[in-house]
Amino acid sequence: MHFHDDSLFPENQEKLVITVAPYGPEWEPDDFREDLPLTMDEHVQQAVDCYNAGATVLHIHVRELDGKGSKRLSKFNELLGRLREAVPEMILQVGGSISFAPEGEGAEAKWLSDDTRHMLAELDPAPDQVTIAINSNQMNIMELMTEDDIAGTSLTRPAVAEAYREMFVPAGPGWVEEHLKRLRAAGIQPHFQLANIPQLETVERLMRRGVYSGPFMVTWVGIGGGFDGPNPYNMMEFVRRCPDGAVLTLETLMRSVLPVNAMAIAMGLHARCGNEDTLWGRKGEKKTSVQQIEQLVRIAGELGREVATGKEAREIYKIGETYADADETLAKVGFAPNRKPGQVGFTHHD
């Protein structure tokens with residue numbers, strides 16, 4: 001991304017879009033019962049509270065009444081239907097992992113099968129977005145967690161911690177291409193969750209080959225364990241390599257969430273928070289998803305950056321917008337055009 005001399009002035013930045021992930025599928029309800037919803041009514045109320053606090057994108061998972069993350073599409077359909085009524089302007093973003101929580105003590109924490117994940121394109125009502133991973137990747141969410149991070153939670157149990165330590169993301173090229181095709185056919189926008197520069201380069205190649213044509217909504221996921229870690233050098237290199245037409249959100253975990261979000265707000269990027277990313281505010285002090293949103297709104301206010309309304313967030317996210325082909329996608333996303341046969345030298349859009 002290019003930064004002009006005045007790019008840090010809030011009047012030259014997009015309004016801030018705050019994504020909240022308030023359903024914490026990796027946690028058990030008793031890890032933070034005050035903030036982890038269990039019943040369907042609690043799921044809906046959590047969304048309403050987060051929207052009223054200033055979040056305009058809702059990252060969705062669903063929990064069964066036994067406390068485990070739901071893997072039933074019918075539960076997602078039920079929640080989506082109720083959310084369309086309760087928070088009609090909120091961007092509804094279904095987590096493409098569905099639920100990666102282990103089924104039982106010491107069970108493997110893994111994503112659902114390829115065929116089941118493809119069925120996210122058939123959710124009814126359709127969400128605005130489904131998140132998509134690119135390139136199979138280790139996802140050891142335990143690598144950066146400290147004793148303070150997991151104190152008093154289910155992740156202190158060795159079998160549970162080991163299940164998450166050995167987790168990986170299956171996202172091979174065949175699955176990715178088919179999933180993108182199905183999402184487009186259903187009118188659902190993919191939101192790319194990227195762990196590193198090689199994954200960003202793969203998305204660019206998908207655009208150049210016409211496999212994906214559309215706006216580039218992307219989150220840099222700096223959680224370590226096979227992903228980039230929340231090192232500012234990693235973050236800034238990803239920012240530098242992102243094209244100017246991308247809408248970029250920064251995500252990390254635990255007590256790195258606040259400083260990374262503060263940098264995102266200052267740079268004109270977008271922020272993500274919620275109990276899926278962290279349970280914590282200050283060291284040893286839990287902070288609800290709503291409290292995390294309120295904190296980001298205060299920081300944005302101090303910097304003079306306005307927070308987007310639901311309608312404004314939909315415009316920034318280009319919900320419902322599609323592009324005809326690779327040429328249009330590259331031009332609007334901000335990548336250089338494909339080289340024409342025999343063309344030499346630098347390529348640029350007219």
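Residues numbered from 1 in each chain as written. Predicted model: local features only at pLDDT ≥ 70, side-chain atom pairs only at ≥ 80, totals over all residues. Heavy atoms only, no water.

1. As for the overall build of the chain
Keep this limit in mind: The helix count covers DSSP runs of H or I at least four residues long, the strand count covers runs of E at least two residues long, and both are numbered beginning at the N terminus. The globule rule used here is 2.2 Å times the number of residues to the 0.38 power, and the radius of gyration it is set against is calculated over C-alpha atoms. Accessibility here uses a 1.4 Å probe with only protein chains present; expressed as a share of the type maximum, an area under 20% marks a residue as buried, one over 50% as exposed, and anything in between as partly exposed. By the convention used here, residues are in contact when the closest approach between their heavy atoms is within 4.5 Å. Residues counted as positive are Lys and Arg, residues counted as negative are Asp and Glu, and His and the chain ends are not counted. For the purpose of locating charges, the reference atoms are NZ of Lys, CZ of Arg, CG of Asp and CD of Glu.
Broken down by element type, the chain carries twelve helices and ten strands. A compact globule built from 350 residues should have a C-alpha radius of gyration of about 20 Å, and the chain, at 19 Å, falls within 12% of that. Each principal axis of the C-alpha atoms in the chain carries an extent, and together these give about 60 × 45 × 40 Å. For the chain, with 350 residues in total, the buried portion stands at 55%. Pairs at least 24 apart in sequence give 76% of the contacts found in the chain among residues at least 6 apart. The average position of the 35 basic charges and that of the 53 acidic charges among the side chains of the chain differ by 2 Å.

2. Regarding the nonpolar core
If you look at soluble globular proteins, the nonpolar side chains tend to sit buried side by side. What counts, and what does not: What is meant by a nonpolar core is a set of buried Ala, Val, Leu, Ile, Met, Phe, Trp, Tyr and Cys residues, joined one to another through side-chain atoms within 4.5 Å.
If you look at the biggest cluster of nonpolar residues, it comprises 56 residues, and the most contacted ones within it are Phe192, Leu194, Phe216, Val218, Phe238, Leu248 and Leu250. Broken down by element, the residue count for this core peaks at five residues, all from helix α7 (residues 197–208). Counting residues in each nonpolar core, the second largest holds 36 residues, with Cys50, Ile188, Val257 and Leu296 among its members.

3. Some points on the packing of helix α9 (residues 257–267) against helix α10 (residues 289–303)
Angle between the axes and distance between the axes are the two parameters that describe a pair of packed helices. Convention followed: Note on geometry: axes are lines fitted to C-alpha atoms, helical ones only across the stretch in contact, with angles between N-to-C directions running from 0 to 180 degrees. Two helices cross in a left-handed way if the nearer one is turned anticlockwise from the farther one by less than a right angle. They cross in a right-handed way if the turn is clockwise. As a working rule, the residues Ala, Val, Leu, Ile, Met, Phe, Trp, Tyr, Cys and Pro are called nonpolar, Asp, Glu, Lys and Arg charged, and the rest polar, with Gly in that last group.
Across the interface, α9 lies against α10 with an axial gap of 10 Å and an inter-helix angle of 35°. Between α9 and α10 lies a crossing whose hand is right-handed. Along the contact surface, α9 presents Leu258, Asn261, Ile265 and Ala266, while α10 presents Gln295, Leu296, Ile299, Ala300 and Leu303. Its residues placed into classes, the contact of α9 with α10 shows seven nonpolar, two polar and no charged.

4. A word on unusual backbone geometry
Following Asp124, the chain continues into Pro125 via a peptide bond in cis, with omega recorded as 5°. Structurally, Pro125 can be placed in the loop between α3 (114–118) and β4 (129–133). Look at Asn135: it is not a glycine, yet its phi comes out positive at around 70°. For Asn135, the position within the fold is in the loop between β4 and β5 (137–138).

5. A short note on helix α2 (residues 73–86)
What counts, and what does not: Expected span of a helix: the number of residues minus one, times 1.5 Å. Along the arc lie the directions from the helix axis toward the C-beta atoms.
A rise of 1.5 Å per residue sets the reference length of α2, with its 14 residues, at 20 Å; its end C-alpha atoms lie 20 Å apart and thus fit the reference within 8%. For α2, the complete set of buried residues consists of Leu73, Lys75, Phe76, Leu79, Leu80 and Leu83. In a view along the axis of α2, the buried residues occupy a sector of 145°, so they form one face of it. Against the buried residues of α2 lie α1 (40–53), β2 (57–60) and β3 (91–94).

6. Focus on the pattern of salt bridges
The criterion, for reference: Just to be clear on terms, a salt bridge is a Lys or Arg side-chain nitrogen sitting within 4 Å of an Asp or Glu carboxyl oxygen.
All told, the structure shown has 22 salt bridges when counted by the stated rule. The residue Glu276 makes a salt bridge to Arg272 at a minimum N-O spacing of 3.6 Å. Neither Glu276 nor Arg272 differs from the other in exposure class; each is buried.

7. Re the sheet that holds strand β7 (residues 189–194)
Convention followed: Being paired, for any two strands, means DSSP has found at least two bridges between them.
Taken together, the eight strands give a closed barrel; going around it, the order is β1-β2-β3-β4-β7-β8-β9-β10, and neighbouring strands pair in parallel fashion. Strand-to-strand, the axes of this sheet are offset by a mean angle of 30°, without reference to chain direction. As paired strands, strand β1 (residues 18–20) and β2 are joined by two bridges and run parallel to one another. Bridge pairing links Thr19 to Val57 in β2. Set on the sheet, α9 makes contact with β8 (217–221), β9 (247–251) and β10 (270–273); between it and β10 the angle comes to about 160°.

8. Some words on the packing of aromatic side chains
The criterion, for reference: Stacked, edge-to-face and tilted labels apply to pairs of Phe, Tyr and Trp rings (six-membered ring for Trp) whose centres lie within 6.5 Å, assigned for plane angles under 30 degrees, over 60, and everything in between, in that order.
Taken as a whole and assessed by the stated rule, the structure comprises two aromatic pairs. Geometrically, the ring pair formed by Phe192 and Tyr212 is edge-to-face, given 5.3 Å between the ring centres and 75° between the ring planes. Of the two residues, Phe192 sits in strand β7 while Tyr212 sits in the loop between α7 and β8, which places them 20 residues apart along the sequence. Tyr212 matches Phe192 in its accessibility class, with the two residues each being buried. Consider the rings of Phe192 and Phe216, whose centres lie 5.6 Å apart with planes at 70°: the pair is edge-to-face.

9. Considering α10
For α10, built from 15 residues, the straight-helix expectation of 21 Å at 1.5 Å per residue is met to within 8% by its first-to-last C-alpha distance of 21 Å. Looking at the buried residues of α10, the elements they touch are β1, α1, α9 and β10. Gly304 occupies a position one or two residues after α10 and carries a positive phi of about 80°.

10. As for the packing of α1 against α2
What counts, and what does not: Any angle between 65 and 115 degrees counts as roughly perpendicular, while under 35 counts as roughly parallel, over 145 as roughly antiparallel, and the rest as oblique.
Put simply, α1 and α2 touch, their axes get as near as 10 Å, and they point 40° apart. When the axis of α1 is compared with that of α2, the two are oblique. Where α1 crosses over α2, the handedness of that crossing is right-handed. Across the interface between the two elements, Met40, Asp41, His43, Val44, Ala47 and Val48 from α1 touch Lys75, Glu78, Leu79, Arg82, Leu83 and Ala86 from α2. Of the residues that constitute the contact of α1 with α2, the class distribution is seven nonpolar, one polar and four charged.

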